[in-house]
Amino acid sequence: MQVRRCCFFFLLAWIGADLATKFQYVVMAFLTLALLSFYIGGIRQWDTVL
(Lines give C-alpha, C1' and ligand atoms only; values in the text may rest on other atoms or scores of the structure.)
Protein backbone atom coordinates (compact mmCIF):
# COMPACT_ATOMS: atom_id res chain seq x y z
CA MET A 1 0.00 0.00 0.00
CA GLN A 2 2.78 2.42 0.85
CA VAL A 3 4.60 1.69 -2.40
CA ARG A 4 1.48 2.46 -4.43
CA ARG A 5 0.97 5.72 -2.58
CA CYS A 6 4.61 6.68 -3.09
CA CYS A 7 4.41 5.87 -6.81
CA PHE A 8 1.19 7.84 -7.14
CA PHE A 9 2.73 10.94 -5.54
CA PHE A 10 5.86 10.55 -7.63
CA LEU A 11 3.81 10.45 -10.85
CA LEU A 12 1.70 13.38 -9.70
CA ALA A 13 4.83 15.43 -9.01
CA TRP A 14 6.36 14.38 -12.35
CA ILE A 15 3.27 15.41 -14.31
CA GLY A 16 2.95 18.65 -12.33
CA ALA A 17 6.55 19.59 -13.03
CA ASP A 18 6.08 18.87 -16.73
CA LEU A 19 2.98 21.05 -16.87
CA ALA A 20 4.72 23.84 -14.96
CA THR A 21 7.59 23.81 -17.44
CA LYS A 22 5.23 24.00 -20.40
CA PHE A 23 3.29 26.82 -18.74
CA GLN A 24 6.56 28.68 -18.17
CA TYR A 25 7.31 28.51 -21.90
CA VAL A 26 3.88 29.93 -22.69
CA VAL A 27 4.41 32.80 -20.24
CA MET A 28 7.84 33.56 -21.71
CA ALA A 29 6.36 33.62 -25.21
CA PHE A 30 3.72 36.14 -24.11
CA LEU A 31 6.36 38.30 -22.42
CA THR A 32 8.51 38.24 -25.56
CA LEU A 33 5.56 39.24 -27.72
CA ALA A 34 4.67 42.04 -25.29
CA LEU A 35 8.21 43.43 -25.38
CA LEU A 36 8.34 43.13 -29.15
CA SER A 37 5.06 45.02 -29.57
CA PHE A 38 6.28 47.68 -27.12
CA TYR A 39 9.46 48.27 -29.11
CA ILE A 40 7.67 48.21 -32.48
CA GLY A 41 5.19 50.80 -31.20
CA GLY A 42 8.02 52.97 -29.91
CA ILE A 43 9.91 52.81 -33.19
CA ARG A 44 6.80 53.67 -35.20
CA GLN A 45 6.03 56.68 -33.00
CA TRP A 46 9.64 57.91 -32.83
CA ASP A 47 9.92 61.65 -33.36
CA THR A 48 13.19 62.42 -35.18
CA VAL A 49 12.77 66.17 -34.69
CA LEU A 50 13.69 65.90 -31.02
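Refer to the preceding data block for the structure.
Residues numbered from 1 in each chain as written. Predicted model: local features only at pLDDT ≥ 70, side-chain atom pairs only at ≥ 80, totals over all residues. Heavy atoms only, no water.

On to the packing of aromatic side chains. As enumerated under the stated definition, the model contains three aromatic pairs in all. For the ring pair F38 and Y39, a centre distance of 5.7 Å and an interplane angle of 70° mean the geometry is edge-to-face. When sorted by exposure, F38 lands in the same class as Y39, which is exposed. (Phe/Tyr/Trp six-rings, centres within 6.5 Å; stacked < 30°, edge-to-face > 60°. Buried < 20%, exposed > 50% of the residue type's maximum accessible area, 1.4 Å probe, protein only.)

Quick look at a nonpolar patch on the surface now. Residues F10, L11, W14, I15 and L19 make up a contiguous nonpolar surface patch of about 590 Å² in total accessible area. Relative to the elements of secondary structure, L11 occurs in helix 1 (residues 2–44). (Patch = residues over 30% accessible without salt bridge, like charges linked within 9 Å, V, L, I, M, F, W, Y side chains within 5 Å. Areas by Shrake-Rupley, 256 points an atom, 1.4 Å probe, with all protein chains shown as cover. Salt bridge = Lys/Arg side-chain N within 4 Å of Asp/Glu carboxyl O. Helix = DSSP H or I, 4+ residues; strand = E, 2+ residues; numbered from the N terminus.)

In this structure the tally under the stated criterion is one salt bridge. One salt bridge connects K22 with D18, and the closest N-O pair in it is separated by 3.5 Å. Of the two residues, K22 and D18 both sit in helix 1, four residues apart, roughly one turn of that helix.

Geometric descriptors of this kind do not, in isolation, establish any biological role.
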